Each structure stands twice: as C-alpha cells, then as structure tokens.
Amino acid sequence: MFHRILDRLEEWLILSFMAAATLVTFVSVAMRYMFGTGFTWATELTIYLFIWMAKFGAAYGVRTGIHVGVDYVVNKVEGAKKRFLVTTGLFLGMFFTGVIAFFGARWVIFMHGTGQVSPDLEWPMWIIYLAIPFGSGLMCYRFFQALTKFLRHGETTSAGPTAELREGALDNLKEQAK
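About the criteria used
- Within every chain, residues take consecutive numbers counted from 1 along the sequence as written.
- Restriction of local features to residues with pLDDT of at least 70 applies here, the model being predicted, together with a cutoff of 80 or more for giving and counting side-chain atom pairs; totals for whole chains, interfaces and linings are based on all residues.
- Hydrogens and waters are ignored; side-chain quantities use all the structure's heavy atoms.
- Each helix is a run of H or I in the DSSP string that is no shorter than four residues. Each strand is a run of E no shorter than two, and both are numbered from the N terminus.
- Burial status follows relative accessibility: with a 1.4 Å probe on protein chains alone, a residue under 20% of its type maximum counts as buried, one over 50% as exposed, and anything between as partly exposed.
- Residues count as neighbours in contact if any of their non-hydrogen atoms are within 4.5 Å of one another.
- Here, patches come from residues exposed beyond 30% relative accessible area and free of salt bridges, joined within 9 Å for like charges and within 5 Å for nonpolar side chains (Val, Leu, Ile, Met, Phe, Trp, Tyr).
- A 1.4 Å probe and the Shrake-Rupley method give the accessible areas. Residues count as covered only by the protein chains that appear here.
- Salt bridge, as used here, is a side-chain nitrogen of Lys or Arg placed within 4 Å of a carboxyl oxygen of Asp or Glu.
- Side-chain rings of Phe, Tyr and Trp, where Trp is taken by its six-membered ring, are said to pair if the distance between their centres is within 6.5 Å; with planes under 30 degrees apart they count as stacked, over 60 as edge-to-face, and otherwise as tilted.
- Helix span, expected: 1.5 Å multiplied by one less than the number of residues in the helix.

Q: Is there a simple way to think about the overall build of the protein in this case?
A: Each helix and strand in the protein was counted, giving seven helices and zero strands. By the burial criterion, 31% of the 178 residues in the protein qualify as buried. For the protein, the proportion of contacts with a sequence separation of at least 24, taken over those separated by at least 6, is 72%.

Q: Explanation requested: the side chain of threonine 46 in the structure shown.
A: Structurally, threonine 46 is set in helix α2 (residues 42–64). Discounting chain neighbours no more than four positions away, the residues touching threonine 46 are Ala21, Val24 and Thr25.

Q: Just to check I follow, could you spell out a nonpolar patch on the surface for this structure?
A: Residues Tyr72, Val73, Phe84 and Leu85 make up a contiguous nonpolar surface patch of about 410 Å² in total accessible area. Counting residues per element, the ones that place at least two in the nonpolar patch are α3 (72–76) and α4 (79–114). Mapped onto the elements, valine 73 comes out in helix α3.

Q: Just to check I follow, could you spell out the pattern of salt bridges for this structure?
A: Side chains that differ in charge, positive against negative, can pair when their charged atoms come close. Applying the stated criterion across every chain yields a total of six salt bridges. Residue glutamate 11 pairs with arginine 8 through a salt bridge whose shortest N-O separation is 3.2 Å. Of the two residues, glutamate 11 and arginine 8 are both situated in helix α1 (residues 2–35); the distance of three residues between them amounts to about one turn of the helix. On the basis of relative accessible area, glutamate 11 is assigned to the partly exposed category, the value being 26%. With a relative accessible area of 46%, arginine 8 lands in the partly exposed category.

Q: Explain the packing of aromatic side chains to me, please; I cannot follow it from the model alone.
A: Ring pairs (aromatic) are described by centroid distance and by the angle formed between their planes. Under the definition given, this model contains eleven aromatic pairs. Taken together, a centroid distance of 6.3 Å and an interplanar angle of 45° make the contact between phenylalanine 17 and phenylalanine 56 tilted. Of this pair, phenylalanine 17 sits in helix α1 while phenylalanine 56 sits in helix α2; the two residues are 39 residues apart in sequence, bridging distant segments of the chain. We note that phenylalanine 17, like phenylalanine 56, is buried. Both rings, one in phenylalanine 102 and one in phenylalanine 103, keep their centres 5.1 Å apart while their planes meet at 80°; by these two values the pair is edge-to-face. Judged by its relative accessible area of 48%, phenylalanine 102 falls in the partly exposed class. Every member of this aromatic cluster is reached through a ring pair, and the members are Phe17, Trp52, Phe56 and Phe134.

Q: Would you mind going over unusual backbone geometry with me for this structure?
A: Negative phi values dominate among residues other than glycine, just as trans dominates among peptide bonds. A positive phi angle, close to 60°, is found at glutamate 122, a residue other than glycine. For glutamate 122, the location among the structural elements is in the loop between α4 and α5 (125–129). The exposure class of glutamate 122 is exposed, given its relative accessible area of 58%.

Q: Explanation requested: α1 in the structure shown.
A: One turn of the α-helix equals 3.6 residues, which is why residues spaced by three or four share an orientation. When the terminal C-alpha atoms of α1 are compared, their 48 Å separation across 34 residues agrees well with the 50 Å that a helix rising 1.5 Å per residue should span. Taken as a whole, α1 has its buried residues at Leu6, Asp7, Glu10, Leu13, Ile14, Phe17, Ala21, Val24, Ser28 and Ala30. Packing partners of the buried residues in α1 comprise α2 and α6 (131–153). Count one or two residues on from α1 and you reach glycine 36, which has phi positive near 75°.

Q: Would you mind going over the environment of phenylalanine 39 with me for this structure?
A: Assignment of secondary structure puts phenylalanine 39 in the loop between α1 and α2. For the pair formed by phenylalanine 39 and valine 27, sequence separation is twelve residues and the distance between their alpha carbons is 8.7 Å. Once residues lying within four places of it in the same chain are set aside, the contact partners of phenylalanine 39 are Val27, Ser28 and Met31.

Rendered as structure tokens:
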C-alpha cells in the first residue's frame, strides 16, 4: 500500500511540475507577444519547476528501469559474475544517491541559515534546494527497492518491450524473418 501511494505521488509530482512549467512558459510568451509584457518571474519559476521535475523524474527512472545503462558486459556473463555486477551497480547507485541526499540536506540547512532568497520570486532558496535531498533520497530508496528485488528474486527492473533490445537482438530478428 505504501509503495503504491509513493508511486502515484511521484508520478503526480512529475506531471504537476511539468504541466505548471509548460503553462507558465506558454502564458508568459503569449503575454509578451500579445501585450508586450510578461511575468518577470516566469523564467525563474520554470527553471525551478524543471529542476524538481528532473530530480523526481530520475527516481522514477530507477523505479521503471528507463535509465540508459551500459550493460554489455553484464549481459555477456552468467551466474555469480552477473549477480555480482548487478548487485555492485545497484549498491553503488544507492550509495551515490544517498551521499548526494545527505550533503544536499546539509546544504539546505546551510542555505536556511543564510536567509538567501531567489532574485525574482523572492522565495527562500533553501526551499528550492530541497529538491536535492528529496529527489536524491527518493532515488536512493528506488535503488534500494531494485537491489532488494534483485537479491530476493533475481529480477531487475525492466523498461518493457524496449528492454528486450539488447546486443544481438536485431540479428535474431533478421534470422527469424528468413
């Protein structure tokens, strides 16, 4: 139940950030061309929305297996070697994103103490920088989920039909067509 709610929240946030950025940009450009004026803060808000969308989108990518990966060697080995490579890769992803989340949280605390605000929106910068620990923390959790799934069931997260296009897959299709 928790994972389903987290999945939907993650998807809803990504969609909301993307839709809001698109709407703000469209309205600002339309106002600029129709009335000769626009929102001075539109570009800044769009940038912040895309930063938040990218951080949560990266976590979504780990969950769904859509990140680009170099898995040529992993696909050429079997058994314990493959298990070691996949486990190491997932652990390193989890470790790296955990470190980024930790230092991102420290940065947010530091920024909170400075009282710095954004230039146009005049929002506290620590709120904007919360994207780093939240997004990286969620990504770390997604790596943990993938690692747990692999260790328990030997399965990696697949991106669907495109995940089947591996080294030599097109050659196999050509042979089947003959």
